[in-house]
Amino acid sequence: MLTDSHIDIVKSTIPLLENAGPALTEHFYKRMFSHNPELQDIFNMSNQHTGRQQVALFEAIAAYAKNIDNLSALTSAVERIAQKHSSFNIQAKHYEIVGMHLIETLRELAPDAFTTDVEDAWTQAYLFLAKIFISRESELYKLRETSFGGWAGARKFTVVETKQESELVKSVVFAPVDGQAVIDYAPGQYLGVEVTPKGSKYKEIRQYSLSAAANGKTYRISVKREVNEVPGIVSNFIHNHLNVGDEVNLYAPAGDFYFVDRDAPVVLLSAGVGITPMQSIIETLAARDYIKPVYFLHACENSQQHSFATRVEELTTNRPWQRFTWYRNETSENENIGHGMMNLAPLELPLADGDFYLCGPIAFMQFAKQQLLDLGVAESRVHYEVFGPHASL
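Heads up: these notes are all about the structure in this document. In this text the structure is predicted, and so the values were computed from the model without any measurement.

Checked against the element boundaries, H298 lands in strand β8 (residues 294-300). Within the local environment of H298, its side chain forms a polar contact with the side chain of S270, the two groups lying 2.8 Å apart. The contacts of H298, once residues within four sequence positions are left out, are S270, A271, G272, I275, H306, F324, T325, W326 and M342.

Shown next as structure tokens:
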């Protein structure tokens, strides 16, 4: 049981955590994967290599310690993490493993400061938080299993269609092997996709935004081929080796970023593959004949990397909706395409009453959000999705 004494002790260790920094979580992950290598079937090892996961976990631990006596401040973070965990099919047994390695990490990194009282306080604090996550994730699992078209755990799907949307983005449509209905989702949510790439020792689970309106029969994701210094294992597998007729395991749609109908104008701002959840939103708004103004604003490198260009034009033509795109490295004679970085100031946007949805690289979203705030948009009207480990803008 978490007591006031436990809370005081945990808060007293905040300087210790801050001094350790992400080195604490780096040690934790190395320890856990060394003792429990089977967890590499669940965790995104690419994020381990880039260091993003270590930083995200450290920030989460520090935030918990600082707000352990005011957990209402963490409500949105708990929901976001619980949604992500449910797309990995995280279970109670996994919390036991993580908790053990967390305590042992603290003991190994700070043996002098990690007294019996500190160990007891952090153990109780972790158990308290774990119960919150386990409870919320159990609710999500039950809701998805009992909803029409829903299921628990992994479900077999077949690839029924693929389409190259642009130079780097490929769409894949999945239909369930059992031929039954599939659960609906809110536009903006993502799908857990489990594959075993050739040459990979472990299963790989990734979350990809759904890029179409829900239809109760199939799911569509649109995946960017990652061609950085460390090529994306799963994205390149999907582009190079996932073909019509292949089977994969999918986990039910999840995510806390999605369109909410507030009977207000909608502004969708994206860059690169961040267009995928926006495509789901605009497809849904079109299917609903949404009567409020809709603005589809997108930025990308050039016309070869402009995904869904023709489809967005179809959706916005003959509707009182507006679209505008910026090519960073290319000019165009199209009046709806600008050159350079996204510039919102000249546009007549619904600054006072619109809802603004952002998705794309973190630097882009920081840039776009600051423009919105400078133009007078209330921060409460700006909603965003970060691909991978969460980061604040």
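Now that the structure has been shown, the text picks up again.
Pairing of strand β11 (residues 355-359) with strand β12 (residues 382-385), which is carried by 4 bridges, proceeds in the parallel orientation. Bridge pairing links L358 to Y384 in β12. Once you follow β11 into helix α12 (residues 362-374) and on to β12, the crossover reads as right-handed.

A few words on the pairing of β11. The buried fraction of β11 amounts to 5 of the 5 residues, a majority that puts the element mostly inside the structure. The two faces of β11 match: D355, Y357 and C359 on one face and F356 and L358 on the other face are all buried.

For the rest of this paragraph, the subject is the environment of S171. Position of S171 among the secondary structure elements: in strand β2 (residues 169-176). Overall, the relative accessible area of 3% leaves S171 in the buried class. Through-space distance from the C-alpha of S171 to that of E161 is 8.1 Å; in sequence the pair is 10 residues apart. S171 has contacts with E161, T162, K163, E165, S211, R220, I221, S222 and F308, leaving out every residue within four places of it along the chain. Polar contacts involving the side chain of S171 include one to the side chain of E165, which spans 2.7 Å.

Time to look at the sheet that holds β12. Pairing in this open sheet of 6 strands is parallel, and the strands run β10-β9-β8-β7-β11-β12 from one edge to the other. Edge positions in the open sheet fall to β10 (337-339) and β12, since each of these has one partner strand only. Averaged over all neighbouring strand pairs, the angle between strand axes comes to 15°, with direction disregarded. Running at roughly 150° to strand β7 (residues 266-271), helix α10 (residues 275-287) makes contact with β7, β8 and β11 of the sheet. Running over the sheet, α12 touches β7, β11 and β12 and is turned about 160° from β11.

The rules we used
Here, residues in each chain are numbered from 1, in the same order as that chain's written sequence. Only residues with pLDDT of 70 or above have their local features reported here, since the model is predicted, and side-chain atom pairs are shown and tallied only from 80 upward, although totals for entire chains, interfaces and linings are computed over all residues. With hydrogens and water excluded, all non-hydrogen atoms of the structure serve as input to the side-chain values. In this description a helix means any DSSP run of H or I spanning at least four residues, a strand means any run of E spanning at least two, and both kinds are numbered starting from the N terminus. Any pair of N or O atoms that falls within 3.5 Å is considered a polar contact. Within protein, one atom must be able to donate a hydrogen and the other to accept it, and sequence-neighbouring residues count only if both atoms are side-chain atoms. The contact criterion used is simple: two residues touch if any of their non-hydrogen atoms lie within 4.5 Å. Two strands pair under a simple rule: DSSP has to find at least two bridges between them. Crossovers are marked right-handed if the path from the first strand over the helix to the second runs clockwise, as seen with the strands pointing away from the viewer. When a residue's accessible area, from a 1.4 Å probe over protein chains only, is under 20% of the maximum for its type it is buried; when over 50% it is exposed; and in between it is partly exposed. Between N-to-C directions, angles cover 0 to 180 degrees, with each direction set by a line fitted to C-alpha atoms, over the stretch in contact for helices.

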